[in-house]
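Structural characterization, general
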Amino acid sequence: SFCEASDWFVLVCKFDRHIMPLSALVHSFNAYFGKFLLVQGPAGRYLPRNPSVQERFNHFSRSMVTSFDGKSFCQLCELLPNLKKLFPLLADSQKYKKQNNAAGNTTTDYEDCMIASIAQSDNTRASFSSPGAVGSGNHRLSHLLHVMFQAICSGGHPVVFVAEDLHWSDPFTVDVLGDFVQTAALCASNNLSAEQEEPKGSLLLVGSYRDNEVSADGFLVEQIKCMEQSKRNVNVTRLCVGELRYHEINRMLSFKFCLPMRHTVELSRLVHHKTRGSPIHIVEFLRSIIQRNMMSFSVKSRRWVWDDASIEIQMISEGVVELLTRKLQQFPHDVIETLKVVACFGQVSETTLKILDLGQFVPDMQETLDLAIKEGIIEKAGPIFAFSHDMLQESTYNLISAEERKRLHKKIGTSLVQDKRVATNPELSILAVDQINMCQDPVNILNPMERALFARLNLTAGKHSIAASSYEQARGYLEAGISLLHAQAWTRQYSLCLELHEISVVVSFMDGNLETVSSRLDVILSNAKSFDDSLNSRVLRSKFLVSQAQYAESTNELLGILSHFGEEFPKDACLAHVKSEIKATQLMLKDVTKESILDLPTMTDVRKMNAMKLMGLLIAQCNYSSPILVPLLCCRLMKLTYEFGFCEDTISGL
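The structure contained in this document is the topic of the report that follows. (Residues numbered from 1 in each chain as written. Predicted model: local features only at pLDDT ≥ 70, side-chain atom pairs only at ≥ 80, totals over all residues. Heavy atoms only, no water.)

1. Remarks on the overall build of the protein
- Along its length, the protein carries 34 helices and 10 strands.
- Residues counted as buried form 43% of the 654 residues belonging to the protein.
- As presented, the protein carries roughly 35,300 Å² of accessible surface, and 52% of it is formed by carbon and sulfur atoms. (Helix = DSSP H or I, 4+ residues; strand = E, 2+ residues; numbered from the N terminus. Buried < 20%, exposed > 50% of the residue type's maximum accessible area, 1.4 Å probe, protein only. Areas by Shrake-Rupley, 256 points an atom, 1.4 Å probe, with all protein chains shown as cover.)

Structure representation (structure tokens):
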């Protein structure tokens, strides 16, 4: 943009860690030239430039045309597309010249014609040494930018060049900026006349950088020293912008919002806490809460209003996170150790901290937590302590070495399970299990008794996750529990091993991990000590076969299980079997009424109840494999109901 009041040119270059410094510099010039482009109006016609802007453009055009030859200008246009749009004829001069040469025409005055049409100036050109002969690619590029900047400065108007975040720049770009300063100083000296009090064509270079990101003997500091020692008319002024204190922020907000300072006290406290007093982060934070409608102007109250509670829960910005992250290493040892414990949890409640034997971690953890809260690293919401930003937790966690992480997670996990409430409190047991599972190698750091304990706790955590319909999380707990089992678990930990594997099959089936379902079923069926122990797995295998559209195999599996319960069915059922079974059932139920069936006692025989469930399951899938079995199964259900009592699966027979 242009600084109209002072008649200055303004260029802005913002360096960034993710962008090459030279690209940022070139982009700033391209954006600067884009400001001169004509704007197309509604009728398709180009709107005229502002008179003062047009005057500057004419000065600049003359300087550009008299500074470059066609080849050099084309090279510059490759870098700056907007420059080519400003001077399309000059940018195509090489092409124009080649066409004239091919036609046998003379080209001695083609540049003069373009100068007249573009710059509207006299047909004069200054001599220019082509940058192709200067040296390396960097030198040629530096030379091009140097000559272009000289043309800008010699246009008769001062220039403001704003270079933000110079700590992300590189030596080459800083040297280019140094050349700009020397060029501007030379232009100012040449333009200074006896009648002028101030030289026209001067440069104001405003650079900003973080002093903690720049070494004292680095290239940026050395370039600043060179400017200070320059014999030309170069004045260097250093300004150090520190963190604003709480009362300074309060005074600023009071002035900006036109409110008494007592009304902005709480807001100032929140802003200082969230930004650590950094001026740029204060502006960003205020802008963000306004955009999120947490602060607005009330026409009714005729003042700015805001919601302190909503502002307090806002996450701090990444810039503030970087500041706090750098401060981590400067904290006392006990504070860092406390932060490491909290980082292992992510967030932790006061109740959990009370259960932990805090003395084994830090002598006075509550005091160190209060200090971390005061510094803005930790925030407390009710009974919960949490990092004020995820990056802070990650940075703190990265301070812990791999071996130390194993020991710390084990220490926290084993400390939690020593509390008696872990057996009845699922959340507490899950916390303990999570710590052990994060050890990455729990098998080698736990003794056999601890491994058995945490294998059972993983089973409990898995059941809790299933109840919450979090099957992926449940599968993680069950897999961790299985990994903690003894090498001969099927002989030494049979019941625990069987239950872990069976529930793992169910969860894997629900989670769609069919590969695990198949392998785990094979393991269970090959290690089960009795048919009853394998019953659940056999039923699960039949359901798995149905999911794979293997209906005949699933039907045979269920018929085999029913045979074990004493309920035989013909392998090759035919219509004669159906007629015979229906006739026998009619005779059995000849004098039975609906009321008499409802008055039947409840079935209590476990084997018959299991047989009833299996037949109900078989009816549902026989429609796809053996429909003729459906009437046989229904008749058998009614027969068992009449003999052993009523149950839920009787409905399938009815």
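Don't stop here, the text continues.
2. Concerning the packing of helix H11 (residues 246-257) against helix H12 (residues 265-275)
- Direction vectors running N to C along H11 and H12 enclose 125°, while the axes themselves pass 9 Å from each other. As far as their axial angle goes, H12 and H11 are oblique. Crossing of H11 over H12 shows right-handed handedness. Contacts between H11 and H12 involve Tyr246, Ile249, Asn250, Leu253 and Phe257 on the former and, on the latter, Val265, Leu267, Ser268, Arg269, Val271 and His272.
- Here the contact of H11 with H12 is composed, by residue class, of 7 nonpolar, 3 polar and 1 charged. (Axes fitted to C-alpha atoms, helices over the stretch in contact; angles between N-to-C directions. Parallel < 35°, antiparallel > 145°, perpendicular 65-115°, else oblique. Left-handed = near helix turned anticlockwise from the far one by under 90°. Contact = heavy atoms within 4.5 Å. Nonpolar A, V, L, I, M, F, W, Y, C, P; charged D, E, K, R; others polar.)

3. Describing unusual backbone geometry
- The backbone phi angle of aspartate 165 is positive, close to 55°, even though this residue is not glycine.
- On the accessibility criterion, aspartate 165 (18% relative accessible area) is buried.
- Even without glycine at this site, serine 469 takes up a positive phi of about 60°.
- Looking at the element boundaries, serine 469 is found in the loop between helix H23 (448-467) and helix H24 (471-483).

4. Re the packing of aromatic side chains
- Under the definition given, this model contains 11 aromatic pairs.
- Summarising the aromatic geometry, the rings of phenylalanine 29 and phenylalanine 161 are spaced 6.0 Å apart at their centres and angled 55° between planes, so their arrangement reads as tilted. One end of the pair, phenylalanine 29, is in helix H1 (residues 21-34); the other, phenylalanine 161, is in strand S4 (residues 159-164), with 132 residues separating them in the sequence. No difference in accessibility class separates phenylalanine 29 from phenylalanine 161, as the two residues are buried.
- Taking the centre distance of 5.8 Å and the plane angle of 35° together, the rings of phenylalanine 257 and tryptophan 306 count as tilted. One end of the pair, phenylalanine 257, is in helix H11; the other, tryptophan 306, is in strand S7 (residues 303-306), with 49 residues separating them in the sequence. Summarising the burial analysis for this pair, phenylalanine 257 and tryptophan 306 share the class buried.
- An aromatic cluster is defined as three or more aromatic residues linked by ring pairs; in this entry it consists of Phe29, Phe149, Phe161 and Phe180.
- Above the plane of the ring of tryptophan 306 lies arginine 303, whose end atom (NZ or CZ) is 5.6 Å from the centre. (Phe/Tyr/Trp six-rings, centres within 6.5 Å; stacked < 30°, edge-to-face > 60°. Lys NZ or Arg CZ within 6 Å of the ring centre and 35° of its normal.)

These figures capture arrangement, not role.
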